[in-house]
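# Descriptive analysis of the structure
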Amino acid sequence: MRQLHFNLFLHDTGHHEASWRLPESDPYANLSLAAHQHLAKIAEEAKFDSVFLADSPVLWSDPGRRPAGKLEPTLLLAALVATTSRIGLIATASTSYNEPYNLARRFASLDHLSGGRAGWNIVTTAGEAAARNFGLDDQPLHKARYERADEFLEVSTRLWDSWADDAIVADKEAGVHARTDRVRGINHRGAFFRVDGALNLPRSPQAHPLLVQAGSSEDGKDFAAKWAEAVFTAQPTLSESQAFYADLKRRAAALGRNPDHVVILPGIVPVIGDTPAQARELEAELDRLIAPQYALATIAHTLGVDPDLLSLDRPLPDDLPGEEQIEGAKSRRTLIVDWARRENLTVRQLIGKLGGGRGHRTFTGTPVQVADTIQHYFENGAADGFNIMPAVLPSGIEAFAGKVVPILQERGLFRTEYTGTMLREHYGLPRPALEGALA
């Protein structure tokens, strides 16, 4: 029987931007190993497939707005290896501001250390601020970022395959640790990279980390159809989720891939109360604590306009730059504009909706109502599971794991025990076969 997949998106005090202002929130949780260990333990006890850390090589938001410090995700996940045993560990890393050899080595290391639980959320990194941190005057063009990412993945996968599975023999008597004929350089020469190889690590338990992608532009969807094995996506309505799901599965099939090997996980921001009134009360308290002056600047940046052109109590201006004029996060810009136009939202109302989940599906209700919504998406061609993004942490994941997961388990929709030890096994994905001369 087909079952749901759940990933926990770790995000300091929660995904609602005002969550850090609640009395019970720890405003230093973003820098705390113990806080992350606690969240990962809850998710593992609930039998989640994985936990995930977002990242960007830039100061992510106005530090006045909410906790802005971000620990480097592969280092943090390596620390979580010691306090978890089965849950997958997914880190974000940019193909625009890394080199394939170092990054391939980093994820292979995490996969070895964790016994096969590593995943890589592949991003191309939009924004001029990130570019200027790496000696560039402006960000590379959107299309060029994806062209570089495509070659980056080609190089990385070849590096992971530069050792055969049987290369290490550890023959003490003969004095041979590895068969040198089963280790081979890749000698890559491309438009963006020149890499000789081989990788300085043997093939890892999963062979390749689980490959995750989150872009929803046309270039992003083409890239996901070619490379991604799990896709995180922001779709605020059921119909948009269904359209995205069908489109991406079709694109993968057109490339000769098994569409069941592309696991699609829309984000959902649950605000949970024992009664509908309790859930609405928490949502209202969070929205009341939003500081609109910070949010206004963020929306303006995403839309490519001056903040002075946005009025809190009026709709978005009619003459916004089109997606073709945006070189940043194209899909997120389109999502925000379409949402505001469709529901005739003022900028203040839009800030409230984005403050809860940044364009992801938000849902306020009881555990049964949350479970019903998840089941409806799952059974109606909109999702293979969900990227769980609690509005408040840790209480949000405690409520979801303790009250929503048991309902879905009783319905036979979610596992009660892990059946494998590796992340690929949790997602029902095969281990990549070795290709080329070493196969």
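Attention here is on the structure that accompanies the text. For every chain, the first residue of the written sequence is number 1, and numbering continues from 1 along that sequence. Owing to the predicted nature of the model, reporting of local features is limited to residues with pLDDT of at least 70; listing and counting of side-chain atom pairs is limited to 80 or more, with chain, interface and lining totals taken over all residues. Heavy atoms throughout the structure, all of them, feed into the side-chain values; hydrogens and water do not.

### Focus: the overall build of the protein
Selection criterion: Comment: elements are numbered from the N terminus, with helices defined as DSSP H or I runs of at least four residues and strands as E runs of at least two. Only C-alpha atoms enter the radius of gyration; for comparison, a globular chain is expected to reach 2.2 Å times N to the power 0.38, where N is the number of residues. Only protein chains enter the accessibility calculation, which uses a 1.4 Å probe; a residue is then buried when its area is under 20% of its type maximum, exposed when over 50%, and partly exposed in between. Contacts are residue-level and defined by heavy atoms, with any inter-residue pair within 4.5 Å sufficient. Accessible surface area values rest on a Shrake-Rupley calculation with a 1.4 Å probe, where residue burial reflects the displayed protein chains alone. Positive charges come from Lys and Arg, negative ones from Asp and Glu, while His and the chain ends are left out of the count. Note that the charge is assigned to NZ on lysines, CZ on arginines, CG on aspartates and CD on glutamates.
The number of helices and strands found in the protein is 14 helices and 13 strands. Rg of the C-alpha trace for the protein: 22 Å, near the compact-globule value of 22 Å for 439 residues, within the 12% margin. In the protein, which comprises 439 residues, the share counted as buried stands at 55%. Contacts spanning at least 24 positions in sequence make up 77% of the contacts within the protein whose residues lie at least 6 apart. Summed over its atoms, the accessible surface of the protein is roughly 18,700 Å², and 51% of this surface lies on carbon and sulfur atoms. Taken together, the 46 basic and 56 acidic charged side chains of the protein have centroids lying 2 Å from each other.

### Brief notes about the side chain of K47
Put simply, the rule is: When a carboxyl oxygen of Asp or Glu lies within 4 Å of a side-chain nitrogen of Lys or Arg, that pair is called a salt bridge.
Position of K47 relative to the elements: it lies in the loop between α1 (33-45) and β2 (50-53). Of the buried charged residues, K47 lacks a salt bridge, with E417 as the closest side chain of opposite charge at 4.1 Å.

### Remarks on the nonpolar core
Condition: Side-chain atoms within 4.5 Å link the members of a nonpolar core, which is a set of buried Ala, Val, Leu, Ile, Met, Phe, Trp, Tyr and Cys residues.
Core analysis: the largest hydrophobic core is formed by 67 residues, its most contacted members being F6, F48, W120, I374, F400 and L408. Ranked by residue count, the leading element in this core is helix α13 (residues 395-410), at eight residues. Core analysis: the next-biggest nonpolar cluster, separate from the first, contains 42 residues, A18, W339, L345 and L429 among them.

### So, unusual backbone geometry
Between G197 and the following residue, A198, the backbone shows a cis peptide bond with an omega angle of -5 degrees. Note on placement: A198 falls in the loop between β8 (194-195) and β9 (210-213). With an omega of 5 degrees, the peptide bond between L393 and P394 qualifies as cis. Tracing the chain through its elements places P394 in the loop between β13 (385-388) and α13. Of note, A170 is a non-glycine position whose phi angle comes to about 50 degrees, a positive value. Secondary-structure assignment places A170 in strand β5 (residues 168-171).

### Here's the deal with the environment of L423
On the secondary structure map, L423 appears in helix α14 (residues 423-426). With 336 residues separating them in the primary sequence, L423 and I87 have C-alpha atoms 7.1 Å apart.

### Overview of the pattern of salt bridges
This model, assessed by the stated rule, comprises 26 salt bridges. One salt bridge connects R415 with D49, and the closest N-O pair in it is separated by 3.1 Å. In this pair, R415 is assigned in the loop between α13 and α14 and D49 in the loop between α1 and β2, connecting sequence segments 366 residues apart. Overall, the relative accessible area of 0% leaves D49 in the buried class. A salt bridge links R148 to E99, with the shortest nitrogen-to-oxygen separation between them at 3.7 Å.

### Section: the pairing of β13
Let me state the cut-off plainly: Note on pairing: two strands pair once DSSP finds at least 2 bridges between them.
Examined bridge by bridge, strand β1 (residues 5-10) and β13 share four bridges and lie parallel to one another. Among the inter-strand pairings, F6 is bridged to a residue of β13, identified as F386. For strand β11 (residues 263-272) and β13, the ladder comprises two bridges, and the chain directions are parallel. Note that in β13 the partner of G267 across the bridge is N387.

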